[in-house]
Amino acid sequence: MDAHSFLFVICVNDESLYSRCKNHILKLTVPLSHSVDIMPIYDSESMASSYNKAL
């Protein structure tokens, strides 16, 4: 990841919902100078711990 990317950290506990969420994210209009990264976090204790793992 760099300064020109958007990171989506997603807590996953339902694979079908994650798939739908990821599809919606990938359909976003993003400037050509930027990129989108998706980081799924599985088996997380909480949203806060997921974001800490992403850091």
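All values reported here derive from a predicted model rather than from experimental measurement. (Residues numbered from 1 in each chain as written. Predicted model: local features only at pLDDT ≥ 70, side-chain atom pairs only at ≥ 80, totals over all residues. Heavy atoms only, no water.)

Unlike most non-glycine residues, Asp43 shows phi in positive territory, near 55°. Overall, the relative accessible area of 73% leaves Asp43 in the exposed class. (Buried < 20%, exposed > 50% of the residue type's maximum accessible area, 1.4 Å probe, protein only.)

Enumeration over the complete set of coordinates arrives at one aromatic pair. Between Tyr18 and Tyr42, the ring centres sit 6.5 Å apart and the planes meet at 70°, which makes this aromatic pair edge-to-face. Placement of the pair is Tyr18 in helix 1 (residues 15-26) and Tyr42 in strand 2 (residues 35-42), with a sequence separation of 24 residues. Residue classification places Tyr42 among the partly exposed residues on the basis of a relative accessible area of 40%. (Phe/Tyr/Trp six-rings, centres within 6.5 Å; stacked < 30°, edge-to-face > 60°. Helix = DSSP H or I, 4+ residues; strand = E, 2+ residues; numbered from the N terminus.)

This next bit is on the pairing of strand 2. With eight bridges connecting them, strand 1 (residues 5-12) and strand 2 associate as parallel partners. Following the sheet pairing, Ile10 is matched in strand 2 by Pro40. Each parallel crossover has a hand, and for strand 1 linked through helix 1 to strand 2 it is right-handed. (Pairing = 2+ DSSP bridges. Right-handed = clockwise from strand over helix to strand, strands pointing away.)

Relative to the helices and strands, Met39 is located in strand 2. You can call Met39 partly exposed: its relative accessible area is 28%. Placed 32 residues apart in sequence, Met39 and Leu7 show a C-alpha to C-alpha distance of 7.1 Å. Beyond its immediate stretch of four places on either side in the chain, Met39 contacts Leu7, Phe8, Val9, Ile10 and Ala54. (Contact = heavy atoms within 4.5 Å.)

That is the geometry; function is a separate question.
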